[in-house]
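# Architecture at a glance
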Amino acid sequence: MKISLKTQLFAAFFGMIVFFVLLSIILSSTLLEKYYYSKKEDAMQQTFNTIRDAYSDDPDNIMLYVEKIENLRGMGIIFFDQHFNVLYQSRQRAIGLGVRNFRINTKDPVMDWKNIEAKFKKVTVDKPFIEKRFDMRMESSFVSLYGKIDDEVYVYLGTPVAAIQESAKIAVRFYIFTGIFMIIVGGIIIYLLSLRLTKPIVKLNGIAKKMAVLDFEEKYDEKRNDEIGTLGESINSLSNQLECSIGELKAANYKLMQDIEKERQIDEMRKGFISNISHELKTPIALVQGYAEGLKLNVNDDEENKNYYCEVIIDEANKMNNMVRKLLELSELEFNDVVLDREEFCICELIRNLLKKNSLLLAEKGAEVTFDTGGNDSIRINADYYLTEQVLMNYVSNGLNHLEEGGVIAISTRVAGRKVRVEVFNSGENIPEEALENIWLSFYKVDKARTRAYGGTGLGLSIVKAIQKAHGNGYGVKNKPGGVLFWFECDLL
Ligand SMILES: Nc1ncnc2c1ncn2[C@@H]1O[C@H](COP(=O)(O)OP(=O)(O)O)[C@@H](O)[C@H]1O
Ligand SMILES: [Mg+2]
């Protein structure tokens, strides 16, 4: 069973108080009366001494002196001569010696006069005899002193014991009252004290428990100049250090997890990439293999057929070459952090140059190409010239590949805010809505047979995406009535 520190402290101190109070009550009730007696005896001895000295100094005035003592100290006094005739008797009745005429009453059956006389015979001037005795006539106890003042005068002093017993009883009762008072007040004080001592410990315990479950919110905020205060400071600094270290650890762990996730994604991409590449290469390799074997076996002797076989082989090899080139370019863009070779140039100029370079190709397809600058012929931008040209070239060649006979390719530029938006529209079939997102993934093709017919790889738009991301600019596609519109943005100067 757990007993709290507070209870233990309280029990220990409270027990101590009760113990000492009880001890003092017991001691006073048993010893106080004896102590009073001994003090009374001392006082009687002293009174005797002063009476004796006063008598020897001035015997004529002794009576006045004795009366004073009687009144002051509540004592009965009797003087005798050497034959035990009474010389003086105190006015006080209760003196413990039933004397009026000491000599005459020697036959008194109640008093043991022989014994009393014997006691007087024993004493000297310096050494009186003191005793506690019971007076049968008065039915109470007295402390009595039998003394000798000189050879002719003896003195008896008596004081009732009842007074002593009464005083002792009162004192004991007083002790009991004060004891109870001390127990109550002491109990309250000890309770408050133990509360004050244990409260911070309970609080510190709470903080430590929270720390155990990595909660470092709570701190010890009481200011104390003792060991508990020091302990509080230590726990605070421990909590701070732990919080800091665990925070660092968490951050490091988070970073590590991120790195692992990135690594995992790259790995995934690589795997996907490789399986895609091998898949893409299968068809051309099979074709090359088949036609090469055909040539070797001389399947057909005529020149025209041989030429056709060779052309297929060359064509497929070209496709593979083209794909490998694009792949290299894409992996360069995606896996290595591209360093852009930014320069300032006019986007309209770039577009015109590109159209000029490809004029033959465009004419071959019988495409009607338009370019609308929106009246702004000089739009200077900051970008990588070569990569921007790549983006545009991909859009234009895609447009040509999906153009219908005698279709239109319309290029336009539009300045908006800090960007210029270049749009490439081609007339033709819309792209199915569900494919609009996927065309930006590598190797994705909407119509595989058609793509294969124009020698597509499905890598062009992935390259566009990578380039635009490297620039931090947007790109996109929209289906339009009777055609498709691709767009990309560039940073204005
Ligand atoms: N202008 C367009 N009109 C219709 N479909 C297009 C157009 N441009 C691209 N696509 C579709 O997006 C796919 C991916 O394009 P891209 O990545 O450039 O690869 P590729 O041109 O080698 O086929 C194409 O296979 C095609 O299905
Ligand atoms: Mg393409």
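What you see is a predicted model, and the numbers here were worked out from it, not measured in a lab.

### Notes on the site of ligand 1
- In the vicinity of ligand 1, 18 residues are found, and the nearest of them are Asn 398, Tyr 454, Thr 457, Gly 458 and Leu 461.
- In this structure, a nitrogen atom belonging to ligand 1 sits 3.0 Å away from a side-chain N or O atom of Asn 426.
- Here an oxygen atom of ligand 1 sits 3.0 Å away from a polar atom, N or O, in the main chain of Val 446.
- Against a free-state accessible area of 530 Å², the protein chains account for coverage of 95% of ligand 1.
- When contributions to the shell around ligand 1 are tallied by element, the ones reaching two or more residues are α11 (460-471) and β12 (483-492).
- Residues of the shell around ligand 1, tallied by class, amount to nine nonpolar, eight polar and one charged.

### Quick look at helix α4 (residues 161-212)
- In this model α4 runs 73 Å from its N-terminal to its C-terminal C-alpha over 52 residues, within 8% of the 76 Å that 1.5 Å per residue would give.
- A bend of about 30° at Thr 198 is the largest found in α4, and the proline Pro 200 appears one to four places after it.
- Following α4 by one or two positions, Leu 214 adopts a phi angle in the positive range, close to 60°.

### Some details on the UniProt feature "transmembrane region" (unreviewed entry) in the protein chain
- In the numbering adopted here, UniProt assigns the feature "transmembrane region" (unreviewed entry) to residues 12-32 and 174-193.
- Secondary structure across residues 12-32 divides into 100% helix and 0% strand, with the first and last C-alpha atoms of the span separated by 29 Å.
- Between the end C-alpha atoms of residues 174-193 the distance is 28 Å, and the span holds 100% helix and 0% strand.

### As for the packing of aromatic side chains
- Per the stated rule, a full pass over the model turns up 17 aromatic pairs.
- Between Phe 120 and Tyr 154 the ring centres are 5.8 Å apart and the planes differ by 75°, which places this aromatic pair in the edge-to-face class. Of this pair, Phe 120 sits in helix α3 (residues 113-122) while Tyr 154 sits in strand β5 (residues 154-160), and the two are 34 residues apart along the sequence. The same class applies to Phe 120 and to Tyr 154, which are both buried.
- Judged by centre distance (6.4 Å) and plane angle (70°), the ring pair of Tyr 308 and Tyr 309 falls under edge-to-face.
- Residue class for Tyr 309 comes out buried when judged on its relative accessible area of 18%.
- Taken together, the aromatic side chains of Phe 80, Phe 120, Phe 129, Tyr 146, Tyr 154 and Tyr 156 make up a single cluster linked through ring pairs.
- The ring of Phe 129 has Lys 122 lying over it, and the distance from NZ or CZ to the ring centre is 5.2 Å.
- Directly above the ring of Trp 487 sits Arg 421, whose terminal nitrogen or CZ lies 3.9 Å from the centroid.

### Re the pattern of salt bridges
- With the rule as written, the count across this model stands at 21 salt bridges.
- Between Asp 221 and Lys 203 there is a salt bridge; the shortest N-O distance is 3.0 Å. On the criterion of sequence distance, the pair formed by Asp 221 in the loop between α4 and α5 (227-296) and Lys 203 in helix α4 is long-range, its members being 18 residues apart.
- A relative accessible area of 27% means that Lys 203 is categorised as partly exposed.
- A salt bridge links Arg 342 to Asp 491; its shortest N-O distance comes to 3.5 Å. Taken together, the residues span a long stretch of sequence, with Arg 342 in strand β6 (residues 342-346) and Asp 491 in strand β12 at a distance of 149 residues.
- Through salt bridges with shared partners, a single ionic network connects Glu 261, Arg 264 and Glu 268.

### Topic: the side chain of Lys 319
- Considering the arrangement of structural elements, one finds Lys 319 in helix α6 (residues 303-335).
- For Lys 319, the side chain forms a polar contact with the main-chain oxygen of Arg 452, separated by 3.4 Å.
- Beyond its immediate stretch of four places on either side in the chain, Lys 319 contacts Arg 452 and Gly 455.

### Regarding the domain arrangement of the protein chain
- Domain annotation of the protein chain identifies domain 1 (5-169) and domain 2 (340-492).
- Taking only C-alpha atoms into account, the centre of domain 1 sits 135 Å from that of domain 2.

### Details of the nonpolar core
- Grouped together as the largest cluster of nonpolar side chains are 51 residues, with contacts concentrated most on Ile 347, Ile 381, Leu 392, Tyr 395 and Phe 486.
- Beyond its immediate sequence surroundings of up to four residues, Ile 347 is in contact with Ile 379, Ile 381, Thr 388, Val 422 and Cys 490.

### Let's talk about the sheet that holds strand β3 (residues 129-135)
- With antiparallel pairing, the five strands of this open sheet are ordered in space as β2-β1-β5-β4-β3. Of all the strands in the sheet, the pair left with one neighbour each is β2 (86-89) and β3. Put simply, the sheet's adjacent strands are angled 20° from each other on average, direction ignored.
- Sheet topology note: the strand β1 (residues 76-80)/β5 ladder contains five bridges and is antiparallel. Within β5, the position partnered with Phe 80 by the bridge is Tyr 154.

Conventions and cut-offs
Residues numbered from 1 in each chain as written. Chains lettered and ligands numbered in written order. Predicted model: local features only at pLDDT ≥ 70, side-chain atom pairs only at ≥ 80, totals over all residues. Heavy atoms only, no water. Near = heavy atom within 4 Å. Polar contact = N/O pair within 3.5 Å; in protein donor to acceptor, adjacent residues only side chain to side chain. Areas by Shrake-Rupley, 256 points an atom, 1.4 Å probe, with all protein chains shown as cover. Helix = DSSP H or I, 4+ residues; strand = E, 2+ residues; numbered from the N terminus. Nonpolar A, V, L, I, M, F, W, Y, C, P; charged D, E, K, R; others polar. Expected span 1.5 Å × (residues − 1). Bend = angle between axes of the 7 residues up to and from the residue. UniProt positions renumbered as here; feature names shortened; annotations may be inferred. Phe/Tyr/Trp six-rings, centres within 6.5 Å; stacked < 30°, edge-to-face > 60°. Buried < 20%, exposed > 50% of the residue type's maximum accessible area, 1.4 Å probe, protein only. Lys NZ or Arg CZ within 6 Å of the ring centre and 35° of its normal. Salt bridge = Lys/Arg side-chain N within 4 Å of Asp/Glu carboxyl O. Contact = heavy atoms within 4.5 Å. Domains from an automatic or database assignment. Core = buried A, V, L, I, M, F, W, Y, C linked by side-chain atoms within 4.5 Å. Pairing = 2+ DSSP bridges. Axes fitted to C-alpha atoms, helices over the stretch in contact; angles between N-to-C directions.

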